[in-house]
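# Understanding the architecture of this molecule
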Amino acid sequence: MTDFFNWLGEAIGNVIRTIVEALNGLFGGLWESMDGFVDGLTGALGISDSLFSIAVLVIGVLLLINGIRSLFRGGIIGGVIGLLLGLLVLSWLIR
């Protein structure tokens, strides 16, 4: 009787191990891909790869996008202000 439960425990353990290794391979590759993207992006811009730098980069790009959208909608003053703010934030970051 103990041999059966020993076999059952090993079988369940092997199934769990296989699932964990598969998920680790999937998400490990995803993490490496994201890490490579962030390294390439920050290296090309000449900024550090800290969370603060990435957040400021996102804010600057969003300001540029909002400025461009405002120009397309006909808001010249809002578009110029959005573009100048985005340019100011990104030039401060990239410098």
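It should be noted that the structure appears before, not after, this text.
In short, a report on the structure. (Residues numbered from 1 in each chain as written. Predicted model: local features only at pLDDT ≥ 70, side-chain atom pairs only at ≥ 80, totals over all residues. Heavy atoms only, no water.)

## Thoughts on the side chain of threonine 42
Here is the rule we go by: Each helix is a run of H or I in the DSSP string that is no shorter than four residues. Each strand is a run of E no shorter than two, and both are numbered from the N terminus. For each residue, the accessible area found with a 1.4 Å probe, counting protein chains only, is set against the maximum for its type, and the residue is called buried under 20%, exposed over 50%, and partly exposed in between. In what follows, a contact means two residues having at least one pair of non-hydrogen atoms within 4.5 Å.
Mapping threonine 42 onto the fold places it in helix α1 (residues 2-45). Assessed through its relative accessible area of 5%, threonine 42 is described here as buried. Those residues in contact with threonine 42 that sit more than four places away from it in its chain are Ile47, Ser48, Asp49 and Ile54.

## Some remarks on the packing of aromatic side chains
To keep it simple, the criterion reads: Working definition: a ring pair exists when centres of Phe, Tyr or Trp rings (six-membered ring for Trp) sit within 6.5 Å. Plane angles under 30 degrees give stacked, over 60 give edge-to-face, the rest tilted.
What the rule picks out here adds up to two aromatic pairs. For the pair phenylalanine 4 and phenylalanine 5, a centre-to-centre distance of 5.4 Å together with 70 degrees between the ring planes defines the contact as edge-to-face. Through successive ring pairs, a cluster of aromatic residues spans Phe4, Phe5 and Trp7.

## Describing the nonpolar core
Quick reminder of the rule: Residues grouped as a nonpolar core are buried Ala, Val, Leu, Ile, Met, Phe, Trp, Tyr and Cys residues, joined through side-chain atoms within 4.5 Å.
In this structure, Ile47, Val56, Leu57, Leu90 and Leu93 together form the largest nonpolar core, which totals five residues. Within the residue set of this core, elements represented by two or more residues are α2 (51-73) and α3 (76-94). Here leucine 57 is in contact with Leu41, Leu45, Ile47, Leu90 and Leu93, once residues within four sequence places are set aside.

## Points about the environment of glycine 86
Along the chain, the position of glycine 86 falls in helix α3. Relative accessible area serves as the criterion here: at 0%, glycine 86 is assigned to the buried category. Put simply, glycine 86 and leucine 57 are 29 residues apart on the chain and 9.4 Å apart in space, counted from C-alpha to C-alpha. Setting aside residues up to four positions removed in sequence, glycine 86 forms contacts with Gly60, Leu63 and Leu64.

## Describing α1
The following threshold applies: Each helix should span, by expectation, one fewer than its residue count multiplied by 1.5 Å.
With 44 residues, α1 should cover 64 Å at 1.5 Å per step; its first-to-last C-alpha distance of 63 Å lies within 8% of that length. Looking one or two residues past α1, glycine 46 carries a phi angle of roughly 75 degrees, positive in sign.

## What about the packing of α2 against α3?
Condition: Note on geometry: axes are C-alpha line fits, over the in-contact stretch for helices, and angles between N-to-C directions span 0 to 180 degrees. Any angle between 65 and 115 degrees counts as roughly perpendicular, while under 35 counts as roughly parallel, over 145 as roughly antiparallel, and the rest as oblique. Crossings are assigned a handedness: left-handed for a near helix turned anticlockwise from the far helix by less than a right angle, right-handed for a clockwise turn. When residues are sorted by character, Ala, Val, Leu, Ile, Met, Phe, Trp, Tyr, Cys and Pro go into the nonpolar class, Asp, Glu, Lys and Arg into the charged class, and all the rest, Gly among them, into the polar class.
Close contact between α2 and α3 brings their axes to 7 Å; oriented N to C, the two are set at 160 degrees. One element, α2, and the other, α3, form an angle in the roughly antiparallel class. Viewed along their axes, α2 and α3 form a crossing whose handedness is left-handed. Grouping the constituent residues of the contact of α2 with α3 by class yields 17 nonpolar, eight polar and no charged.

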